[in-house]
Amino acid sequence: MASSHGTPPVFNNKVISWIDHRLPIFSYIEKEYHTFPTPRNFNYFWNFGAIATVMLVLMIATGVVLATNYTPHVLMAFDSVERIDRDVPQGWLMRDLHMNGASFFFIAVYIHIFRGMYYGSYKAPRELLWILGVVIFLLMMATAFMGYVLPWGQMSFWGATVITNLFSAIPVVGDSIVTWLWGGFSVDNPTLNRFFALHYLLPFVIVAVVALHVVALHVHGSNNPLGIDPKGPQDTVPFHPYYTMKDGFGVVVFLIVFAGFAFFAPDYMGHPDNYVPANPLVTPEHIVPEWYFLPYYAILRAVPDKLGGVIAMFGAIAVLFVLPWLDTSRVRSASFRPIYKWFMLVLVVDVIVLGFCGANPPAGFWIPLSQVATLYYFFHFLVLLPILGKIERPLPLPPSIADAVLKNKAG
Amino acid sequence: MATSGNPAGGHGDPTRRDFLMVATGALGGVGIAATAWPFINNLNPAADTLALASVEVNVAPIQVGQAITVKWRGKPVFIRHRTPEDIKAAESVPMSQLPDPQTDNARVTDSAKKVRPQWLIMIGVCTHLGCVPLGNRPGQDKGPFDGWYCPCHGSAYDTSGRIRQGPAPTNLVIPEYLFLSDALVRIG
Ligand code: HEM
Ligand code: FES
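Residues numbered from 1 in each chain as written. Chains lettered and ligands numbered in written order. Predicted model: local features only at pLDDT ≥ 70, side-chain atom pairs only at ≥ 80, totals over all residues. Heavy atoms only, no water.

Novice: I would appreciate a short explanation of the coordination of the iron atom of ligand 1 in the present structure.
Specialist: Tetrahedral coordination by four donors places them ideally at 109.5 degrees to one another around the metal; octahedral coordination by six donors ideally gives 90 or 180 degrees. Residues and elements named next belong to chain A. At 1.9 Å from the iron atom of ligand 1 lie its protein donor atoms, namely His 98 (NE2) and His 199 (NE2). The coordination sphere of the iron atom of ligand 1 comprises 6 donor atoms, whose angles at the metal cover 87 to 179 degrees; the geometry is octahedral. Linking His 98 in helix α5 (residues 91-118) with His 199 in helix α9 (residues 189-220), this pair joins segments that are 101 residues apart in sequence. Classification of His 98 by relative accessible area gives buried; the value is 16%. (Donors = N, O, S within 2.8 Å, 3.2 Å for Na, K, Ca; no water. Tetrahedral: all angles 85-135°; square planar, octahedral: opposite > 155°, others 65-115°. Helix = DSSP H or I, 4+ residues; strand = E, 2+ residues; numbered from the N terminus. Buried < 20%, exposed > 50% of the residue type's maximum accessible area, 1.4 Å probe, protein only.)

What follows is the structure in structure tokens.
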């Protein structure tokens with residue numbers, strides 16, 4: 001086996017070397033996951049990419065098993081999920097892992113996105129890497145939304161109704177689009193059937209985009225907490241065993257917390273109304289989406305106009321696509337941006353406040369609060385970031401990663 | 001090179017080859033669009049879904065002040081037997097107070113142009129994002145305009161089902177309906 005950077009690997013095993021000569025998958029693994037030079041100063045925020053990947057695999061594994069017992073028909077879907085929970089061997093486990101897995105997948109991805117924003121990982125030359133990440137995020141939201149419809153409970157049905165109706169806000173063609181999405185005149189059997197087909201398909205599309213995300217990552221390598229480029233071998237360590245171990249450790253800790261929920265509080269993050277079978281004639285008193293959509297739901301409701309609310313909600317994600325160009329500062333890491341650092345934390349608080357607004361009925365002080373929080377969200381991206389990069393005076397950057405790391409040790 | 005009719009880099013006047021490239025490309029584009037269409041249209045409502053087009057309802061048992069909900073095309077339809085007060089309240093609202101101005105009369109006319117102010121027949125789906133408003137059953141919150149109230153995002157409708165307050169942009173939709181006799185109405 002090759003040991004140092006740069007030299008092509010030599011495989012001692014005859015079979016491996018025969019295969020590799022024809023299809024260089026082993027060279028690829030060697031180069032990208034073994035000797036791959038990685039900044040030596042990662043903190044635990046750098047674990048969440050690996051964690052998200054593990055969650056994606058887990059969602060596909062549990063999903064395929066669930067699909068073998070699930071029936072996508074309005075008369076049978078609810079009962080088939082109850083049967084999975086009660087009668088199918090370990091069906092309860094598969095379902096609880098899948099249900100809570102969706103939540104923990106979003107937890108991992110939200111932390112991963114925060115990491116990117118705090119340490120400026122979206123800046124040149126990683127703009128496309130970032131954009132692919134936002135694409136993955138959008139696909140995840142579509143997948144999770146359609147998955148939540150499948151058990152065909154009250155929240156499934158009314159969540160599907162409200163979200164698909166968002167498109168009716170589009171002038172002129174809106175209603176035709178909604179009919180097209182439904183395959184009928186309301187959310188009904190054709191809708192459930194196609195949502196199941198797409199819910200099965202999209203995770204594999206996500207796998208493909210994740211592959212592109214990783215290819216883009218390995219062109220310039222990872223960013224790091226200092227946000228400066230490695231300048232030589234003294235700044236990096238080989239990916240294996242250093243980061244395979246660190247990622248492995250992080251994955252295990254994350255999975256312990258996840259298992260805690262899946263085994264001891266499987267419905268903590270769900271909504272009891274989804275154990276009531278869907279009834280197209282009665283809307284539940286208070287419709288809420290899954291927790292990971294609450295901030296966007298709050299933005300939707302903050303605008304007292306149908307089309308305006310829909311535009312604001314999609315706009316909240318659209319700004320992420322252009323983030324690399326909205327942020328005019330050339331310093332990546334918030335550690336060296338004394339003002340940005342605090343505003344970044346304010347944004348986190350703002351998004352959490354939006355989450356609470358989305359969870360509460362749109363009445364009383366929740367309305368003005370969600371409006372202020374929505375304005376602040378857009379203010380951060382559209383006003384603050386472009387200006388801050390021009391007026392903020394960054395702290396001096398260390399000469400190299402090794403230099404900063406070793407000084408830290410000494411001091 | 002010098003004698004080629006198509007100089008490298010494609011400079012100069014458009015050649016026969018350029019023309020063929022553009023024509024082939026355009027035809028290919030049309031072909032792809034024509035092939036994509038059945039895939040897209042495939043998701044539109046199927047013939048059997050479209051066939052569920054009408055229901056007939058006997059309204060004779062509905063007492064004054066009562067309302068029922070029937071299902072049509074998978075959606076709730078509200079049929080309310082309005083009281084004289086309901087009708088008076090609906091008729092006396094000035095158009096200037098309505099976000100989506102429409103007279104009460106226009107909302108209680110069947111497809112044979114006959115006006116029956118006592119029967120208000122509407123699709124019970126909030127025009128905001130599609131929840132079913134409250135107010136059709138006794139004891140439910142009818143909202144500040146005494147008609148219907150949507151709990152999802154707070155839209156309030158009056159006794160004619162017209163939007164008065166909240167994010168919904170338009171009045172509750174009146175489906176096509178026809179009274180076949182005084183007691184029997186066909187919706188759709
Ligand atoms: C990106 C990955 C995925 C996400 C985020 C996701 C999300 C979800 C969510 C939120 C539910 C509703 C759970 C509930 O409340 O019961 C669900 C249900 C379901 N999913 Fe997935 N899913 C993913 C991948 C898959 C895959 C690959 C399959 C395979 C076919 C699948 C099959 C199912 C089935 C059959 C159900 C209905 C049973 C149930 O509700 O537990 N999912 N999914
Ligand atoms: S769906 Fe009725 S107010 Fe939003």
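Back to the text.
Novice: It is not clear to me how unusual backbone geometry should be interpreted in this structure. Could you clarify?
Specialist: Leave glycine aside and you will find that most residues have negative phi; peptide bonds, for their part, are mostly trans. Residue and element names in this part refer to chain A. That bond from Ala 124 to Pro 125 is cis: its omega, 5 degrees, falls within 30 degrees of zero. Counting through the fold element by element, Pro 125 comes out in the loop between α5 and α6 (127-149). Cis geometry is adopted by the peptide bond preceding Pro 241, which originates at His 240 and carries an omega value of 5 degrees. Assignment of secondary structure puts Pro 241 in helix α10 (residues 239-264). The backbone of Gln 90 shows a phi angle near 55 degrees, a positive value even though the residue is not glycine. Assignment of secondary structure puts Gln 90 in the loop between α4 (77-86) and α5. When its relative accessible area of 47% is taken as the criterion, Gln 90 is described as partly exposed. You will see that Trp 152, though not glycine, has its phi angle at about 55 degrees, which is positive. Relative to the helices and strands, Trp 152 is located in the loop between α6 and α7 (154-165).

Novice: Explain the site of ligand 1 here, please?
Specialist: Residue and element names in this part refer to chain A. By nearness alone, 25 residues border ligand 1, and Gly 63, Arg 95, His 98, His 199 and Tyr 200 come closest of all. In the environment of ligand 1, an oxygen atom lies 2.7 Å from a nitrogen or oxygen atom belonging to the side chain of Arg 95. At the level of secondary structure, the elements contributing two or more residues to the shell around ligand 1 comprise α3 (48-67), α5, α6 and α9. Examining the composition of the shell around ligand 1, we find that 7 residues originate from one element, α3, more than from any other. The residue inventory of the shell around ligand 1, partitioned by class, reads 19 nonpolar, 5 polar and 1 charged. (Near = heavy atom within 4 Å. Polar contact = N/O pair within 3.5 Å; in protein donor to acceptor, adjacent residues only side chain to side chain. Nonpolar A, V, L, I, M, F, W, Y, C, P; charged D, E, K, R; others polar.)

Novice: What exactly am I supposed to notice about the pattern of salt bridges here?
Specialist: Charged atoms that come close allow side chains of opposite charge to pair. Residues and elements named next belong to chain A. Tallied over the entire structure, the rule returns 13 salt bridges over all chains. The partner of Asp 327 in a salt bridge is Lys 123, with the nearest N and O atoms 3.1 Å apart. A residue pair is termed long-range when its members are at least 10 positions apart, and Asp 327 in the loop between α13 (323-326) and α14 (340-359) and Lys 123 in the loop between α5 and α6 qualify at 204 residues. No difference in accessibility class separates Asp 327 from Lys 123, as the two residues are buried. Where Asp 327 meets Arg 337, a salt bridge forms, and the shortest distance between an N and an O atom there is 3.3 Å. Of this pair, Asp 327 sits in the loop between α13 and α14 while Arg 337 sits in the loop between α13 and α14, placing them 10 residues apart in sequence. An identical accessibility class is assigned to Asp 327 and Arg 337; each is buried. (Salt bridge = Lys/Arg side-chain N within 4 Å of Asp/Glu carboxyl O.)

Novice: Honestly, the interface of chain B and chain A in this entry has me stumped. Any pointers?
Specialist: Many structure descriptions define interface size as the accessible area lost when the parts assemble. Listed by partner, the interface residues are 26 residues for chain B and 27 residues for chain A. When chain B packs against chain A, close to 2200 Å² is buried across both sides, 65% of that on carbon and sulfur atoms. Taken as a group, Leu 43, Leu 129 and His 153 of chain B account for 26% of the area that chain B buries against chain A, more than any other trio of residues on that side. Applying the counting rule to chain B against chain A returns 0 salt bridges. At the boundary of chain B and chain A, one finds 9 residue pairs in polar contact (both at pLDDT 80 or more). The set of elements that each furnish at least two residues to the side of chain B that touches chain A consists of α2 (47-51), β2 (67-72) and β3 (75-81) of chain B. (Contact = heavy atoms within 4.5 Å. Buried area = accessible area lost by both parts, 1.4 Å probe.)

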